[in-house]
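The residues making up each chain are set out below.
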Amino acid sequence: MDIVAQIAKAEGLTLGAVAKLGKETLLNEEEAAVTLRRSKRTLERWRSLGMGPKVTKVGGRRIAYSVGSLLEFAGV
């Protein structure tokens, strides 16, 4: 079980919980949506409009969000 899954199981994916991870830790789109308490579709819409947290593409196609970008977007 990876560290994100362990935190999700123990504390839930809240901004406070993910803040304990390194800022470079990457969360997938679903984990980021749960952390921000938004739907995955909202993140997709924000991305298409150039809004929302900064996105990292992994392997050319996979979308990920760094913990640092989520915290910055949330103003934490």
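In this text the structure is predicted, and so the values were computed from the model without any measurement.

> What's the story with the packing of helix H3 (residues 29–36) against helix H4 (residues 40–49) in this structure? I'm lost.
Interhelical geometry of H3 versus H4 gives an angle of 100° and a closest axis separation of 8 Å. With respect to each other, H3 and H4 are oriented roughly perpendicular. The segment H3 lies against H4, with Glu29, Ala32, Ala33 and Leu36 engaging Lys40, Leu43, Glu44 and Arg47. Among the residues forming the contact of H3 with H4, the class breakdown is four nonpolar, no polar and four charged.

> I'm lost on the packing of aromatic side chains in this one. Help?
Here a ring pair, both rings aromatic, is described through the centre-centre distance and the interplanar angle of the planes. Applying the stated rule across the entire model yields one aromatic pair. Relative to Phe73, the ring of Trp46 has its centre 5.2 Å away and its plane inclined at 55°; by these criteria the two rings are tilted. Placement of the pair is Trp46 in helix H4 and Phe73 in helix H5 (residues 67–74), with a sequence separation of 27 residues. Overall, the relative accessible area of 38% leaves Phe73 in the partly exposed class.

> How should the packing of H3 against H5 be read in this particular structure?
For any two helices packed against each other, the geometry comes down to the angle between their axes and how far apart the axes lie. Where H3 meets H5, the axes come as close as 11 Å, and the angle between the chain directions of the two elements is 30°. As far as their axial angle goes, H5 and H3 are roughly parallel. Every pair of crossing elements has a handedness; the one defined by H3 and H5 is right-handed. Counting all contacts with H3, which are made through Ala32, Thr35 and Leu36, the residues of H5 involved are Leu70, Phe73 and Ala74.

Parameters and conventions
- Residues numbered from 1 in each chain as written.
- Predicted model: local features only at pLDDT ≥ 70, side-chain atom pairs only at ≥ 80, totals over all residues.
- Heavy atoms only, no water.
- Axes fitted to C-alpha atoms, helices over the stretch in contact; angles between N-to-C directions.
- Helix = DSSP H or I, 4+ residues; strand = E, 2+ residues; numbered from the N terminus.
- Parallel < 35°, antiparallel > 145°, perpendicular 65-115°, else oblique.
- Contact = heavy atoms within 4.5 Å.
- Nonpolar A, V, L, I, M, F, W, Y, C, P; charged D, E, K, R; others polar.
- Phe/Tyr/Trp six-rings, centres within 6.5 Å; stacked < 30°, edge-to-face > 60°.
- Buried < 20%, exposed > 50% of the residue type's maximum accessible area, 1.4 Å probe, protein only.
- Left-handed = near helix turned anticlockwise from the far one by under 90°.

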